[in-house]
Amino acid sequence: MMSRNAPLDAHYSVEQAQRSLRERFKNADIPTYELDARILTGFVLGLDEVGLITQATRRVTEQENKILEKTCLARLEGKPVSRILGLKEFYSLPFQISPATLDPRPDSECLVESAIIIAEKLAKLERQPLQVLDLGTGSGCLLVAFVHACRQRGIQIKGLGVDISKTALRQARINAAINGLENSVNFRQSDWFENVSGKFDIIISNPPYIASREIEDLTPEVRLHDPPAALDGGSDGLDAYKHIISAMTAFIKPGGSVLFEIGSNQAALVTDIVRQSISTHQQVTISYVSDLAGLDRVVQLGFDGNN
Ligand SMILES: C[S@@+](CC[C@H](N)C(=O)[O-])C[C@H]1O[C@@H](n2cnc3c(N)ncnc32)[C@H](O)[C@@H]1O
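This structure is a prediction, so every number in the text was calculated from the model and none was measured. (Residues numbered from 1 in each chain as written. Predicted model: local features only at pLDDT ≥ 70, side-chain atom pairs only at ≥ 80, totals over all residues. Heavy atoms only, no water.)

So, on to helix H4 (residues 62-76). Helix length check: H4, at 15 residues, gives a terminal C-alpha distance of 21 Å against a target of 21 Å (1.5 Å per residue), a fit within 8%. Against helix H1 (14-27), helix H2 (33-45), helix H5 (81-85) and helix H9 (220-223) lie the buried residues of H4. Glycine 78 sits one or two residues past H4 and shows a positive phi near 100 degrees. (Helix = DSSP H or I, 4+ residues; strand = E, 2+ residues; numbered from the N terminus. Expected span 1.5 Å × (residues − 1). Contact = heavy atoms within 4.5 Å.)

What follows is the structure in structure tokens.
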């Protein structure tokens, strides 16, 4: 059995290099050892899945070997594959990620799906171009994926993404450009609504929602690699929701919707915050969307036409 620290021998073939990574990841109990070995070998050697097969017997150079070893150790030390690549696929689109941005999560795709359904309904009501606001945009994944999907459906839409982090916003702008949306979305530094004006048809947000004391219990992959500002939701994890919900009605158009991603046990808590904040003359429907694991992941607020 190969030891966790056994380096790759020089002059390995592509196939042997991939197998060596696979064994070392498997011995380190990395559940996705097979996939990780394939992705990282291909990444370092510049080979796609077909190349890994057709060039299986090619010798790995000394230089490639050194980079493979460094990459392998980074993964063994708990760095997520997406952080090593600096890239994550979200809603089938490529997103660059950096230490300033959350690693986009597949569970967040259900928020995009729900927003698309709402956009389709609003578009039929002749409200185009739709105005959408993303609070805490990070890598821009939610906003870019949503606007991209709307445009594919022929829906005219303009997006604004805000974040407290200037560095995250730089990444979001790059991601908008990578996905051909530099003219459809803008980004601005703002503490939630502070630098936002105007009203929006749809507001989306995946704010930080982990209670501060629970952060130390997160897996090292999250705790050590996602930025604290993207995780820490204050003492009860609900600070951002309280702030956003108390201010949101001034920024939503009549008939508009607000969609929040929430932690798996926060549906009732966020619903309470909404009920306490909404004045009695406002009509708001509250619904929930489940994620891939069947847990409530999105709270969806629908405002009536007269708010
Ligand atoms: C959970 S991450 C979500 C990032 C991205 N929307 C996603 O779904 O992957 C929360 C984001 O909120 C941002 N944030 C934290 N506090 C903020 C504040 N006061 N105002 C604006 N953005 C804030 C963080 O910088 C981070 O990018």
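According to the stated counting rule, one finds 15 salt bridges in the structure shown. In this structure, arginine 24 and glutamate 69 form a salt bridge, with 3.0 Å as the shortest nitrogen-oxygen distance. One end of the pair, arginine 24, is in helix H1; the other, glutamate 69, is in helix H4, and 45 residues separate them in sequence. Each of the two residues, arginine 24 as well as glutamate 69, counts as buried. The partner of aspartate 226 in a salt bridge is arginine 105, and the shortest N-O contact between them spans 2.7 Å. With aspartate 226 in the loop between H9 and helix H10 (228-231) and arginine 105 in the loop between strand E2 (93-96) and helix H6 (109-124), the pair connects residues that are 121 residues apart, well separated along the chain. The class of aspartate 226 is buried, set by a relative accessible area of 4%. (Salt bridge = Lys/Arg side-chain N within 4 Å of Asp/Glu carboxyl O. Buried < 20%, exposed > 50% of the residue type's maximum accessible area, 1.4 Å probe, protein only.)

Around the ligand, the surrounding shell holds 16 residues, and the nearest of these are Gly136, Asp163, Asp191, Trp192 and Asn206. The backbone of isoleucine 164 places a nitrogen or oxygen atom 3.2 Å from a nitrogen atom of the ligand. Between the ligand and the protein, one listed contact pairs a nitrogen atom with a backbone N or O atom of serine 190 at 3.4 Å. A total of 600 Å² of accessible area belongs to the ligand in isolation, and the protein chains cover 94% of it. The residue inventory of the shell around the ligand, partitioned by class, reads nine nonpolar, five polar and two charged. (Near = heavy atom within 4 Å. Polar contact = N/O pair within 3.5 Å; in protein donor to acceptor, adjacent residues only side chain to side chain. Areas by Shrake-Rupley, 256 points an atom, 1.4 Å probe, with all protein chains shown as cover. Nonpolar A, V, L, I, M, F, W, Y, C, P; charged D, E, K, R; others polar.)

It is worth spelling out the pairing of strand E4 (residues 157-163) at this point. Successive residues of a regular strand alternate their side chains across the two faces of the sheet. Most of E4 sits out of view: six of its seven residues are buried. Both strand E3 (residues 130-135) and E4 contribute to a ladder of six bridges, which runs parallel. Across the sheet, residue valine 132 finds its bridge partner in E4, namely glycine 159. In this fold, the crossover linking E3 to E4 by way of helix H7 (residues 141-152) has right-handed handedness. Once the chain exits E4 it traverses helix H8 (residues 166-178) before rejoining the sheet at strand E5 (residues 185-189), and the crossover so formed is right-handed. (Pairing = 2+ DSSP bridges. Right-handed = clockwise from strand over helix to strand, strands pointing away.)

When the domains of the chain are assigned, the result is domain 1 (14-77) and domain 2 (88-303). For domain 1 and domain 2, the distance between their C-alpha centroids amounts to 35 Å. (Domains from an automatic or database assignment.)

To continue, consider the layout of surface pockets. To find leftover empty space, one rolls a probe the size of a water molecule over the atoms. Volume-wise, the largest pocket comes out at about 750 Å³. If you trace the largest pocket, you find 38 residues lining it, with Leu102, Asn206, Pro207, Pro208 and Ala230 closest to the centre. Secondary structure elements with two or more residues in the lining of the largest pocket: E3, H7, E4 and H10. Looking at the lining of the largest pocket residue by residue, the class counts come to 21 nonpolar, 10 polar and seven charged. Approximately 390 Å³ is the volume found for the second largest pocket. Residue lining of the second largest pocket: 13 residues in total, with Leu87, Lys88, Glu89, Asp103 and Pro106 positioned closest to the centre. Elements with a minimum of two residues in the lining of the second largest pocket: strand E1 (87-90), E2 and H9. The element that contributes the greatest number of residues to the lining of the second largest pocket is E1, accounting for three residues. (1 Å grid on protein atoms, 1.4 Å probe; cavity = no way out; pocket = protein on both sides within 12 Å on 5 of 7 lines; lining within 4 Å. Points joined across faces, edges and corners; volume = space filled by probe spheres on them.)

Per the UniProt record, "binding site: S-adenosyl-L-methionine" (unreviewed entry) is annotated on Gly136, Thr137, Gly138, Ser139, Gly140, Asp163, Trp192 and Asn206. Taken from the residues named earlier, the lining of the largest pocket is made up of Gly136, Thr137, Gly138, Ser139, Asp163, Trp192 and Asn206. In contact with glycine 136, not counting residues within four places along its chain, are Val162, Asp163, Trp192 and Asn206. Contacts of glycine 140, omitting those with residues within four sequence positions, involve Phe95, Ala145, Ala172 and Phe187. (UniProt positions renumbered as here; feature names shortened; annotations may be inferred.)

Grouped together as the largest cluster of nonpolar side chains are 37 residues, with contacts concentrated most on Phe90, Val112, Phe146, Phe187, Ile202 and Leu259. Of all the secondary-structure elements, those providing two or more residues to this core are E2, H6, E3, H7, H8, E5 and strand E6 (200-205). Residue contacts for leucine 259: discarding those within four places in its chain leaves Leu111, Ser114, Ala115, Ile118, Ile202, Ile203, Ile204, Ser205, Val298, Val299 and Gln300. The next biggest cluster of nonpolar side chains, apart from the first, holds 33 residues, and it includes Trp192, Ala240, Ile262 and Ile273. (Core = buried A, V, L, I, M, F, W, Y, C linked by side-chain atoms within 4.5 Å.)

Turning to the environment of aspartate 296, a few remarks are in order. The residue aspartate 296 is located in strand E9 (residues 296-303) in this model. Through-space distance from the C-alpha of aspartate 296 to that of isoleucine 262 is 7.7 Å; in sequence the pair is 34 residues apart. Among all residues touching aspartate 296, those that are not within four sequence positions of it are Ile262, Gly263, Ser264, Ala267, Tyr288, Val289 and Ser290.

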